[in-house]
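Summary of structural features
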Amino acid sequence: MTALCRAMSRRAAICILLTLPRVAQAQLPATSYTNFEGAQTNALRLSADGTRLYVANTAAARISVFDLTQPASPTRIAEIPVGIEPVSVNPRTNDEVWVVNQESDSVSIVSVSKGIVTDTIYLPDEPADVVFAGSGLAFISVARRNQVCAVSVATHQITKCLPLMASNPRYLAVSPDGSKVYASVSLSGNRSTIIPGYEAPPPPPPTNPDLPPAPQQSLVVNIDNPRFSSILTYTMPDYDVAIIDSATVTVTGYYSGTGTLNFGIAVRPGTGDLYVANIDARNLIATEPKVRGHWVDNRITKIQVSNGQVTPIDLNPGINYAQLPNTNALSRTLAQPTAGVFDPTGASLWVAAFGSDRIAQLDPNGVVLNRIEIGPARGAAADPKNKKGPRALAIHPTAQKLYVLNRISNSITVIDTGSRSLLADIAVGSFDPTPTVIRTGRGFLYDAKLSGNGTGSCGSCHIDADMDHLAWDLGDPNGQMQTINSGGQSFQLHPMKGPMATQTLRGLANLAPYHWRGDKASFADFNGAFNSLMGNVPLSDSDMAAYTDFVNTIRFMPNPNQNLDRTYPTSLGGGNAAQGFTAFTTLATSSDGTCSFCHTVPGAGSNQQIVILKGETQPMKNPQLRNIYQRLNFNRGVGTPTKEGFGITHDGEAGTLPAFLSTVFSTLAQNPTLMANISAFCMAFDTGMAPTAGYTRTVTPANITQAPVQQDVALLVSQAAAGNIDLIAKGTIRGQAHGLLYNPATGKYQQDRSAAAPLTQAQLNGLIQAGDTITLMGVPPGSGTWMGIDFNLNGVLDGDEPK
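Below, the structure is looked at part by part. A quick note: this is a predicted structure, and the numbers were derived from the prediction, not measured.

Thoughts on the sheet that holds strand β6 (residues 96-101)
Here we have four strands laid out as an open sheet, ordered β5-β6-β7-β8, and antiparallel in their pairing. Looking along the sheet, the strands with just one partner apiece sit at the ends: β5 (86-91) and β8 (116-122). Between one strand axis and the next, the sheet turns by 25° as a mean value, whatever way the strands run. Note: β5 against β6, five bridges, orientation antiparallel. Within the sheet, the bridge partner assigned to S88 lies in β6 and is V100.

Dropping the structure here:
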């Protein structure tokens, strides 16, 4: 038994989770595991005294705690279950740790000594990071709601939520004196927006003389382009970092110009200056040949807080982008910087280059002093199947040790900052449940060494398998016409296609053909982009198959606009989604019939056919609707500010659902109530994952009799009975940490010990009233066994595992 186990009382012992090592097992089968591809932020942090390292084990829905008595050799002393997709962890004390769970829409309050979650804070949608500042407050970024919320650390109650004039705040940082909280905006944009096709100038002539003129299309421009001032009547502030006063809990300002996609913020000791890791997109440059090998810049942006001066710093200066492939560049480039941390003196900034498997040492002026290879592929070589993916950093306050959390390998690399040598590579958990299909294929999305110069990957635009919320004109004036067939019709596609909004990689399984125009018959047909856009050679057939298999595992998170019982709300965005569902599925809105004829319900919301809609000059595939609620941050109102420059439709031209629907369907344009209801239904469209998947309620002796608690327990039980979720419970049973799995057929909870009898709800309530704490959580169907009672699915229940 570990020292921590020996130090605990028998009643509170959690030796099941703390005993090390655990016998390694093969990864879980893909059918038992749901891949949400969570977006880690500050997923590892040290205790203030440097004695503990806390790590979010995103894959396993747990946190790991490491003892740093020997800083060069962290010793794992605890693994504690939390919510689904933990992406950030922050210790308030050495024992109390706050964990942000992206998919569960929650923050878990963890007691390390008890080995359990002692309370859960519900914060939809997609919370991302947590810091402590002000007078007894935790500040939590709530990404999809574009908010930062303040929560009392004493009561765990939300005191105030601050709406930001920005899209997707994720990473947080605190000023040295604690007076300010900074929030970097992940999808802040770059002041690019769209001129609709009906107002844009004609496209230039093709360079291939055999091509006909290109179809009329929209145009990506800068919001300040004077040529289109009469059209661009809205404003775009481009706020990249929000400044929050921790005492008054107010937004006091923003910094602009840091980057298009912003990640971690490093605060320099002494000066308090900010250094923001970011990607800057070059989507204002039209056509694929012109951005080949150089579609993004990877940067650290310095913000001097004394005067507000913003200075972007290119991490890869001097590259010959015309040379493709470029072996010298591949050996040195730093792609997709996601995190930075200063040493205690403020003399060196350490940066994690997620796309390159490198750690860089910079001086305060942003000059790269050293590069350290993390992964097995050194220099210009690429090995995506074994990529590590450094994502988060923490530095020891006294021991000259840097800790690197590797997202893809789910490991921690220890670096000696003095000698810049690798000291150890340690598994985050005793068992990694990630299925082989994910482990083998994930690196192809994120490995920038698959590009011609190492500066970008597919993940540079498809951030964490999702969207950058931009439109790109990746047409080819020297390309060829393409013929595609759909629904008994033949369509001719011009290679000069104009701007297309980045699409998500979630939910693509069985949704071919792909892309806006349906011009990719299979996901493998995107392989050509490794040459035409990224400037390198295409993948082998076997590698592309591994990439495809991985992409097909990625699922959508639940739609936060649905009711928790998976019904549709009667009031949403000015409409009734429940009535909208009825209209969507029964009312003929076009000559084809109902909306659901093209956008199938239930399902992805697409019949996968290609059509030419009213007002379009090109054929388009009927797109899926499962994530349309995420693309509604574009406001084209005259004189109004907009968070983003692109909205729905293939080029992002429509800012709202009513704006699109009224243009295409005259029936809806004449009936505002009907249009509002259908719009509301689309905003609440089922993603294929029930809203209670991840929903969590911690039940204690103090709250078990409260009506909201009992209502949540009944909700979770009913959703398990309906097959929408599996229901698990984690906490203490008679003072010892255990897991449970609810069996809807018997109405009882199976315990994680073969000799222990199942518990009825009444028996479980009795144990809680007697002093136990239990956290109930809905999990995706099929995952209840490994998440609840048999972590490694080896047939030996967790409570029966050897100690």
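Structural notes on the side chain of S460
Note on placement: S460 falls in the loop between α6 (443-446) and β31 (471-473). Reaching out from S460, the side chain makes a polar contact with the backbone nitrogen of S457 at a distance of 3.0 Å. Setting aside its immediate chain neighbours within four residues, S460 contacts L261, I279, W295, V296 and Q336.

A look at the pattern of salt bridges
Following the criterion strictly, the structure yields 23 salt bridges and no others. For R442, the salt bridge is made with E37, and the minimal N-O distance between the two is 2.8 Å. Of this pair, R442 sits in the loop between α5 (436-441) and α6 while E37 sits in the loop between α2 (15-18) and β1 (44-46); the two residues are 405 residues apart in sequence, bridging distant segments of the chain. Overall, E37 belongs to the buried group, its relative accessible area being 2%. The salt bridge partner of K449 is E373, with a shortest N-O separation of 3.9 Å. Taken together, the residues K449 in the loop between α6 and β31 and E373 in strand β26 (residues 368-373) connect sequence positions 76 residues apart. For E373, a relative accessible area of 16% corresponds to the buried category. In this structure, a network of salt bridges that share partners links the residues E126, R144, R170, D466 and R506.

As for the nonpolar core
In terms of nonpolar packing, the biggest core is built from 108 residues, with Y547, Y749 and L776 touching the most fellow members. With six residues, the top contributor of residues to this core is helix α14 (residues 707-721). Core analysis: the second largest hydrophobic core is formed by 24 residues, I648, A654, F665 and I678 among them.

Digging into the state of the cysteines
Considering all chains together, one arrives at one disulfide under this definition. A sulfur-sulfur distance of 2.0 Å marks the disulfide that ties C149 to C161. Its torsion about the S-S bond being 105°, the disulfide of C149 and C161 is classed as right-handed. Taken as a pair, C149 in strand β11 (residues 147-152) and C161 in strand β12 (residues 158-163) lie far apart in primary sequence, 12 residues in all. Using a relative accessible area of 1% as the deciding quantity, one classes C149 as buried. Looking at C461, it has no disulfide partner, and the nearest cysteine sulfur is the one in C458, 8.9 Å off.

Considering the packing of helix α11 (residues 657-664) against helix α13 (residues 672-683)
The geometry of α11 relative to α13 is characterised by a closest axis approach of 10 Å and an angle of 125° between their N-to-C directions. Classified by the angle between their axes, α11 and α13 sit oblique to one another. Judged by the twist between their axes, the crossing of α11 over α13 is right-handed. Taken together, the residues of α13 that come into contact with α11 (itself represented by L657, P658, L661 and S662) are M675, I678, S679, C682 and M683. Split into classes, the residues belonging to the contact of α11 with α13 amount to seven nonpolar, two polar and no charged.

Here we look at the pairing of strand β4 (residues 75-81)
Along any regular strand the residues' side chains alternate between the sheet's two faces. Within β4, six of the seven residues are buried, which leaves the element mostly enclosed by the surrounding structure. With six bridges joining them, strand β3 (residues 62-67) and β4 adopt antiparallel strand pairing. Note on β4: the bridge partner recorded for S64 is E79.

Quick look at the sheet that holds strand β28 (residues 401-406)
Read from one edge to the other, the open sheet built from four strands follows the order β27-β28-β29-β30, with strand pairing classed as antiparallel. The open sheet has two edge strands with one neighbour each: β27 (390-395) and β30 (421-427). Strand-to-strand twist of the sheet, defined as the mean angle between neighbouring strand axes without regard to direction, takes the value 25°. Pairing between β27 and β28: five bridges, direction antiparallel.

Let's talk about the packing of aromatic side chains
Per the stated rule, a full pass over the model turns up 22 aromatic pairs. Between Y568 and F581 the ring centres are 5.6 Å apart and the planes differ by 20°, which places this aromatic pair in the stacked class. With a gap of 13 residues between them, Y568 in the loop between α8 (541-551) and α9 (577-586) and F581 in helix α9 connect regions that are remote in the sequence. With relative accessibility at 30%, the residue F581 sits in the partly exposed group. Three or more aromatic residues joined by ring pairs form one cluster here, namely F444, Y514, F523, F526, F530 and Y547. Positioned above the aromatic ring of F354, the side-chain terminus of R391 is 5.0 Å from the ring centre.

Conventions adopted
- Residues numbered from 1 in each chain as written.
- Predicted model: local features only at pLDDT ≥ 70, side-chain atom pairs only at ≥ 80, totals over all residues.
- Heavy atoms only, no water.
- Pairing = 2+ DSSP bridges.
- Helix = DSSP H or I, 4+ residues; strand = E, 2+ residues; numbered from the N terminus.
- Axes fitted to C-alpha atoms, helices over the stretch in contact; angles between N-to-C directions.
- Polar contact = N/O pair within 3.5 Å; in protein donor to acceptor, adjacent residues only side chain to side chain.
- Contact = heavy atoms within 4.5 Å.
- Salt bridge = Lys/Arg side-chain N within 4 Å of Asp/Glu carboxyl O.
- Buried < 20%, exposed > 50% of the residue type's maximum accessible area, 1.4 Å probe, protein only.
- Core = buried A, V, L, I, M, F, W, Y, C linked by side-chain atoms within 4.5 Å.
- Disulfide = S-S within 2.5 Å.
- Parallel < 35°, antiparallel > 145°, perpendicular 65-115°, else oblique.
- Left-handed = near helix turned anticlockwise from the far one by under 90°.
- Nonpolar A, V, L, I, M, F, W, Y, C, P; charged D, E, K, R; others polar.
- Phe/Tyr/Trp six-rings, centres within 6.5 Å; stacked < 30°, edge-to-face > 60°.
- Lys NZ or Arg CZ within 6 Å of the ring centre and 35° of its normal.

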